[in-house]
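# Architecture and fold: a report
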Amino acid sequence: MEAVININITDLLGNKHQIKVPTDMGLNLMEAIRANDMQIKATCGGMAMCASCHVVVCNSRALPPMSEDEEAMLDDAFLLDIPYSRLSCQLKLTPELDGLEVKLGEGTGE
Amino acid sequence: MIETDILIIGAGPCGLFTVFQAGLVQLHCHLIDSLPTAGGQLTEIYPKKPIYDIPGFPIVMAGDLVKNLTKQAEPFKPGYTLGERAEHIEKMEDGRWKLTTNKGTEHLAPVIAIAAGLGCFEPRKPEIPNLIDFEDKGVDYIVKDPEKYRDKNVVISGGGDSALDWTIFLADVAKSVTLIHRRTSFRGHLDSVKKVNDLAANGKIKLVLNSEVTGINGVGKLENLEITNFDNDEITKVSADYFIPLFGLSPKLGPLKHWNLNLHKESIKVNPQDYSTNIPGIYAIGDINDYPGKLRLILCGFHEAALMVQSAHKYIYPDKNLVLKYTTVSGVKAF
């Protein structure tokens, strides 16, 4: 298991970025994106209460299941019907997620 | 025309504390906020969530912090323009700023302090093709005056606290209330969920689950709604005088974008010495500003408010020397 994992992110303009994230700091994906100076709105700061850190997962990884809060928030923001939608603030980055690919979703920019 | 010393855009924690700091140096403040109540994100997004990093409060609920900040500002008699968005600014001949809201309310002040957090909150709108054609013609995104719905047929959609709370409240006011929710469970407070279920069981409201509004019809104003049930894709028509979609609010930088401020991404660049912007007389504090080392924390916003007020005083009264007074020594001299 790697202590540092690679995450691939496609931004709203379609540009691809690879970020390296340590797994021993308890970061979630939203925080990792911010830490790499990429634009992500994430209004509520990680409470699953705004959906402005919405991402679409592009490759299958053993993602943790959605909490009821996350599912309800995505639903409220009309994003639940988009397949593989998640709130990046609810995805804790663990060694199993090495190689994860996501696209920033609508609502994460202005 | 509302006249004051510091016009604060944004009645969140940072804006509210500015009133207190300004009051200590005898400056009057007026707050403008697009939301109908003060508190910003704390009131709108997480009123019942605990905050642990306010100095001196091991734990405080966001809503309680707002209540305390409002009380702390009270001796200095702040004015409030709530439910209106700061839209346009204009420099007057005497050097003061005239700020006009989207409702046309005019304000005049030598200093503007932008404490707008992440911008102004705007309602999240469901994707119904002709929804905007019915705005203010039966479709409302915010309940401002519940009396408007007296003896009317009202349809509310949403599954969060505001949908539940207004359903409960309007059950006693409106002729009929129908609550439509896309899921079968609600994510609001348990007691609100119970109340809504009880009201439905007693026939006081109609609960339509696993469904959403997919069509709006009417001539000149809302007449009926088409509701699609996800189980069987069946469409039912429901007559309604009002449709209130309540899917929360999301912030947008909004009109500030066009004020020729020096912007970096979604933030306003400031001088970290006094949080002044590139435009003399305009400051930016709290989550909306950006400078090297910026941390988006409430406590940092408080610090910025205190420093900004000193600079604003110098800007308004260049010939007066300000001596720092301690509240413990001088107390709080109310206006």
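Residues numbered from 1 in each chain as written. Chains lettered and ligands numbered in written order. Predicted model: local features only at pLDDT ≥ 70, side-chain atom pairs only at ≥ 80, totals over all residues.

### A few points about the overall build of chain B
Heads up, the rule is: Going along the chain from the N terminus, every DSSP run of H or I of four or more residues is numbered as a helix, and every run of E of two or more is numbered as a strand. Whether a residue is buried, exposed or partly exposed follows from its count of other C-beta atoms within 10 Å of its own C-beta, namely 20 or more, 12 or fewer, or something in between, respectively; the C-beta atoms are built from the backbone. By definition, residue pairs are in contact when their C-beta atoms, positioned from the backbone, come within 7 Å.
A count of helices and strands for chain B gives seven helices and 23 strands. Referenced to the eigenvectors of the C-alpha coordinate spread, the extents of chain B come out at roughly 70 × 45 × 35 Å. Buried residues in chain B amount to 39% of all 335 residues. Long-range pairs, those at least 24 residues apart, make up 62% of the contacts in chain B with a sequence separation of at least 6.

### Quick look at the packing of helix α1 (residues 13-24) of chain B against helix α3 (residues 62-73) of chain B
Residue and element names in this part refer to chain B. Put simply, the rule reads: Throughout, an axis means a line fitted to C-alpha atoms (over the contacting stretch in the case of helices), and angles, computed between N-to-C directions, take values from 0 to 180 degrees. Angles below 35 degrees are treated as roughly parallel, those above 145 as roughly antiparallel, those between 65 and 115 as roughly perpendicular, and all remaining angles as oblique. Helix crossings fall into two classes, left-handed where the near helix is turned counterclockwise from the far one by less than a right angle and right-handed where it is turned clockwise.
The N-to-C vectors of α1 and α3 enclose an angle of 25°; their axes lie 8 Å apart at closest approach. Put simply, α1 runs roughly parallel to α3. The two elements α1 and α3 cross, and the hand of that crossing is left-handed. In this structure, α1 contributes P13, L16, F17, V19 and F20 to the contact, and α3 contributes L65, V66, L69, T70, Q72 and A73.

### Let's talk about the interface of chain A and chain B
We apply this condition: All amino acids are sorted into three groups, where Ala, Val, Leu, Ile, Met, Phe, Trp, Tyr, Cys and Pro are nonpolar, Asp, Glu, Lys and Arg are charged, and the leftover types, Gly among them, are polar.
Between chain A and chain B, the contact holds 15 residues from the first and 20 residues from the second. Classifying every residue of the side of chain A that touches chain B gives seven nonpolar, four polar and four charged.

### With respect to the environment of S67(A)
All names here are of chain A. Inspection of the secondary structure puts S67 in the loop between β3 (54-57) and α2 (68-76). Residue classification places S67 among the exposed positions, given that 12 C-beta atoms sit within 10 Å. Separated by 42 residues in sequence, S67 and G109 have C-alpha atoms that sit 24 Å apart.

### Examining the environment of G281(B)
All names here are of chain B. Along the polypeptide, G281 turns up in the loop between β21 (267-269) and β22 (282-284). Along the sequence, G281 and P110 sit 171 residues apart, while their C-alpha atoms lie 6.6 Å from each other. With residues near it in sequence (within four places) discarded, G281 still touches W97, P110, V111, I112 and Y315.

### Remarks on the pairing of strand β7 (residues 86-91) of chain B
Residue and element names in this part refer to chain B. The criterion, for reference: In this scheme, strands are said to pair when DSSP sees at least two bridges between them.
In the sheet, β7 pairs with strand β8 (residues 97-101) via five bridges, with the strands oriented antiparallel. Bridge pairing links A86 to T101 in β8. The antiparallel hairpin formed by β7 and β8 contains five residues in its connecting segment, where G95 sits at a positive phi of about 95°.

### Focus: α2(A)
Residues and elements named next belong to chain A. Here α2 lies mainly inside the structure; seven of its nine residues are buried. Those residues of α2 that fall on the buried side of the exposure criterion are E70, E71, A72, M73, L74, D75 and D76. The inward-facing, buried residues of α2 contact β4 (85-87). Backbone geometry just after α2 places F78 at a positive phi near 60°.

### As for the confidence of the model for chain B
Worth spelling out the cut-off: On a scale of 0 to 100, pLDDT captures the predictor's confidence in every residue.
Mean pLDDT for chain B: 95, with 100% of residues reaching 70 or above. This prediction of the complex comes with two scores: 0.83 for pTM and 0.77 for ipTM.

### Here's the deal with the nonpolar core
Residue and element names in this part refer to chain B. In plain terms, the rule: As used here, a nonpolar core is made of buried Ala, Val, Leu, Ile, Met, Phe, Trp, Tyr and Cys residues. They are joined through C-beta atoms within 7 Å.
Residues I6, I112, A113, I114 and Y283 are the most contacted members of the largest nonpolar core, which totals 52 residues. Not counting chain neighbours up to four residues away, the residues in contact with I112 comprise L7, I9, I89, W97, L99, G281 and I282. Grouped together as the second largest cluster of nonpolar side chains are 30 residues, Y149, L164, L225 and F247 included.

### A short note on the environment of N262(B)
Residues and elements named next belong to chain B. The topology assignment puts N262 in the loop between β19 (249-252) and β20 (263-264). Taking the C-alpha atoms as reference points, N262 and D231, separated by 31 residues in sequence, lie 51 Å from one another. Other than its neighbours up to four places away in sequence, N262 contacts I268, K269, T277 and N278.

### A few points about the sheet that holds strand β17 (residues 235-239) of chain B
Residues and elements named next belong to chain B. Here we have three strands laid out as an open sheet, ordered β15-β16-β17, and antiparallel in their pairing. Edge positions in the sheet fall to β15 (211-217) and β17, since each of these pairs with one other strand and no more. Adjacent strand axes in the sheet meet at a mean angle of 30°, parallel and antiparallel pairs treated alike. Bridge analysis of strand β16 (residues 224-229) against β17 gives five bridges, and the strand direction is antiparallel.

### With respect to the sheet that holds strand β13 (residues 176-181) of chain B
Residues and elements named next belong to chain B. Pairing is parallel across the open sheet formed by four strands, whose spatial order is β14-β13-β12-β18. Bordering the open sheet on either side are β14 (206-209) and β18 (242-245), each of which pairs with just one other strand. In this sheet, adjacent strand axes meet at a mean angle of 15° when their direction is disregarded. Docked against the sheet, helix α4 (residues 161-170) engages β12 (153-157), β13 and β18, running at close to 160° with respect to β12.

### Some remarks on the pairing of β12(B)
Residues and elements named next belong to chain B. Using the following cut-off: With its strands directed away from the observer, a crossover is right-handed exactly when the path from the first strand over the helix to the second travels clockwise.
With four of its five residues buried, β12 lies for the most part within the structure. Here β12 runs beside β13; their pairing, made up of five bridges, is parallel. Considered in β13, the bridge of V155 is made with T178. Taken together, β12, α4 and β13 form a β-α-β motif whose crossover is right-handed. Bridge analysis of β12 against β18 gives four bridges, and the strand direction is parallel. Counterpart to S157 in the pairing with β18 is P245.

### Focus on unusual backbone geometry
We note that A51(A) has phi near 70°; this positive angle belongs to a residue other than glycine. Checked against the element boundaries, A51(A) lands in the loop between α1 (29-35) and β3. Positive phi, close to 65°, is recorded for D136(B), a residue that is not glycine. Counting through the fold element by element, D136(B) comes out in the loop between β11 (120-123) and β12. Judged by C-beta crowding, with 8 C-beta atoms within 10 Å, D136(B) ranks as exposed.

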